[in-house]
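Structural features, examined
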Amino acid sequence: VTLTATAGNAGPDEAPAARLAVLVPEGLTVTSFDAGGATCNALPPGPFVVVVCDLGDLAAGDEATLTVTTLAVPTPETTVTTTRTPTTAPATPGTTLTAIAYASSATIDPAPADALVTIPIPV
(Lines give C-alpha, C1' and ligand atoms only; values in the text may rest on other atoms or scores of the structure.)
Protein backbone atom coordinates (compact mmCIF):
# COMPACT_ATOMS: atom_id res chain seq x y z
CA VAL A 1 0.00 0.00 0.00
CA THR A 2 1.47 3.35 -1.04
CA LEU A 3 0.42 6.50 0.82
CA THR A 4 1.03 9.83 -0.91
CA ALA A 5 0.64 13.23 0.76
CA THR A 6 1.34 16.59 -0.87
CA ALA A 7 1.89 19.88 0.96
CA GLY A 8 1.37 23.03 -1.07
CA ASN A 9 1.93 26.67 -0.26
CA ALA A 10 -0.85 28.79 -1.77
CA GLY A 11 1.08 31.94 -0.77
CA PRO A 12 1.38 34.78 -0.98
CA ASP A 13 4.39 34.40 1.36
CA GLU A 14 7.05 31.72 1.75
CA ALA A 15 6.33 29.00 4.33
CA PRO A 16 9.56 28.73 6.35
CA ALA A 17 10.53 25.46 8.05
CA ALA A 18 7.73 23.52 6.36
CA ARG A 19 7.02 19.99 7.57
CA LEU A 20 4.85 17.18 6.28
CA ALA A 21 3.85 14.20 8.41
CA VAL A 22 1.92 11.01 7.73
CA LEU A 23 0.54 8.92 10.57
CA VAL A 24 0.52 5.31 9.40
CA PRO A 25 -2.24 3.31 11.10
CA GLU A 26 -2.05 -0.02 12.86
CA GLY A 27 -2.09 -2.90 10.42
CA LEU A 28 0.51 -1.44 8.05
CA THR A 29 4.29 -1.83 8.22
CA VAL A 30 6.38 1.02 6.77
CA THR A 31 8.91 -0.37 4.28
CA SER A 32 10.23 2.91 2.80
CA PHE A 33 9.55 6.63 2.49
CA ASP A 34 10.76 9.49 0.28
CA ALA A 35 10.09 13.21 -0.03
CA GLY A 36 12.41 14.13 -2.89
CA GLY A 37 15.53 14.97 -0.93
CA ALA A 38 13.87 16.27 2.23
CA THR A 39 15.12 14.95 5.56
CA CYS A 40 12.63 12.36 6.80
CA ASN A 41 12.39 10.15 9.88
CA ALA A 42 9.99 7.46 11.05
CA LEU A 43 8.97 8.09 14.65
CA PRO A 44 7.28 5.23 16.48
CA PRO A 45 5.13 6.81 19.23
CA GLY A 46 3.41 3.49 19.99
CA PRO A 47 1.33 1.25 17.77
CA PHE A 48 1.40 3.85 15.00
CA VAL A 49 4.39 5.03 12.98
CA VAL A 50 4.65 8.73 12.05
CA VAL A 51 6.83 9.65 9.07
CA VAL A 52 7.92 13.29 9.44
CA CYS A 53 9.76 15.24 6.74
CA ASP A 54 11.46 18.61 7.12
CA LEU A 55 10.82 20.26 3.76
CA GLY A 56 12.79 23.45 4.38
CA ASP A 57 11.35 26.73 3.14
CA LEU A 58 8.43 26.21 0.75
CA ALA A 59 8.05 29.11 -1.69
CA ALA A 60 4.62 30.46 -2.61
CA GLY A 61 3.12 28.21 -5.28
CA ASP A 62 5.48 25.30 -4.54
CA GLU A 63 4.53 21.77 -3.48
CA ALA A 64 6.34 18.88 -1.82
CA THR A 65 5.23 15.25 -1.89
CA LEU A 66 5.87 12.51 0.66
CA THR A 67 5.46 8.92 -0.48
CA VAL A 68 5.26 6.21 2.20
CA THR A 69 5.35 2.60 1.06
CA THR A 70 3.78 0.10 3.44
CA LEU A 71 2.96 -3.56 3.60
CA ALA A 72 -0.51 -4.70 4.66
CA VAL A 73 -0.94 -8.30 5.70
CA PRO A 74 -4.67 -9.18 5.58
CA THR A 75 -4.75 -11.40 8.64
CA PRO A 76 -6.51 -10.99 11.99
CA GLU A 77 -3.20 -9.85 13.51
CA THR A 78 -0.22 -8.16 11.89
CA THR A 79 3.10 -7.38 13.55
CA VAL A 80 4.08 -3.75 13.05
CA THR A 81 7.83 -3.45 13.57
CA THR A 82 9.33 -0.16 14.70
CA THR A 83 12.75 0.75 16.01
CA ARG A 84 11.40 0.41 19.53
CA THR A 85 8.97 -2.36 20.43
CA PRO A 86 7.06 -4.55 17.96
CA THR A 87 3.32 -4.08 18.35
CA THR A 88 0.49 -6.39 17.33
CA ALA A 89 -2.11 -4.58 15.27
CA PRO A 90 -5.36 -5.60 13.58
CA ALA A 91 -5.65 -5.64 9.79
CA THR A 92 -8.95 -7.38 9.20
CA PRO A 93 -9.89 -8.06 5.57
CA GLY A 94 -12.89 -6.03 4.44
CA THR A 95 -12.19 -3.14 6.81
CA THR A 96 -10.77 0.30 6.07
CA LEU A 97 -7.73 1.68 7.88
CA THR A 98 -7.17 5.44 8.04
CA ALA A 99 -3.87 7.28 7.69
CA ILE A 100 -3.59 10.97 8.57
CA ALA A 101 -1.43 13.57 6.80
CA TYR A 102 -0.60 16.98 8.30
CA ALA A 103 1.37 19.92 6.89
CA SER A 104 2.76 22.79 8.96
CA SER A 105 5.31 25.59 8.88
CA ALA A 106 6.84 28.19 11.18
CA THR A 107 4.24 30.77 10.06
CA ILE A 108 0.54 30.87 10.87
CA ASP A 109 -1.57 29.24 8.16
CA PRO A 110 -4.46 31.55 7.15
CA ALA A 111 -6.45 28.48 5.98
CA PRO A 112 -5.61 25.73 8.50
CA ALA A 113 -8.58 23.52 7.60
CA ASP A 114 -6.76 22.10 4.59
CA ALA A 115 -3.57 21.26 6.52
CA LEU A 116 -5.01 17.97 7.83
CA VAL A 117 -6.39 15.20 5.63
CA THR A 118 -7.36 11.58 6.12
CA ILE A 119 -6.35 8.82 3.72
CA PRO A 120 -8.70 5.79 3.65
CA ILE A 121 -6.98 2.42 3.06
CA PRO A 122 -9.19 -0.57 2.21
CA VAL A 123 -7.82 -3.88 3.51
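These remarks concern the structure in this document. (Residues numbered from 1 in each chain as written. Predicted model: local features only at pLDDT ≥ 70, side-chain atom pairs only at ≥ 80, totals over all residues. Heavy atoms only, no water.)

Attention now moves to unusual backbone geometry. With omega at 10°, the peptide bond leading from Gly11 into Pro12 counts as cis. For Pro12, the position within the fold is in the loop between strand S1 (2–8) and strand S2 (15–24). The backbone of Ala17 sits at a positive phi, close to 55°, despite the residue not being glycine. One can find Ala17 in strand S2. (Helix = DSSP H or I, 4+ residues; strand = E, 2+ residues; numbered from the N terminus.)

Moving on: the pattern of salt bridges. Close approach of charged atoms lets side chains of opposite charge pair. Following the criterion strictly, the structure yields 1 salt bridge and no others. Close ionic contact of Arg19 with Asp54 constitutes a salt bridge, the shortest N to O distance being 2.6 Å. With Arg19 in strand S2 and Asp54 in strand S5 (residues 49–58), the pair connects residues that are 35 residues apart, well separated along the chain. With relative accessibility at 40%, the residue Arg19 sits in the partly exposed group. (Salt bridge = Lys/Arg side-chain N within 4 Å of Asp/Glu carboxyl O. Buried < 20%, exposed > 50% of the residue type's maximum accessible area, 1.4 Å probe, protein only.)

This part covers the sheet that holds strand S6 (residues 63–72). The sheet built from 3 strands is open, its strands ordered S1-S6-S3 with antiparallel pairing. The open sheet has two edge strands with one neighbour each: S1 and strand S3 (28–34). The sheet shows a mean angle of 25° between the axes of neighbouring strands, direction not considered. In the sheet, S3 pairs with S6 via 6 bridges, with the strands oriented antiparallel. Residue pairing for S6: Ser32 is matched across the bridge by Thr69. (Pairing = 2+ DSSP bridges. Axes fitted to C-alpha atoms, helices over the stretch in contact; angles between N-to-C directions.)

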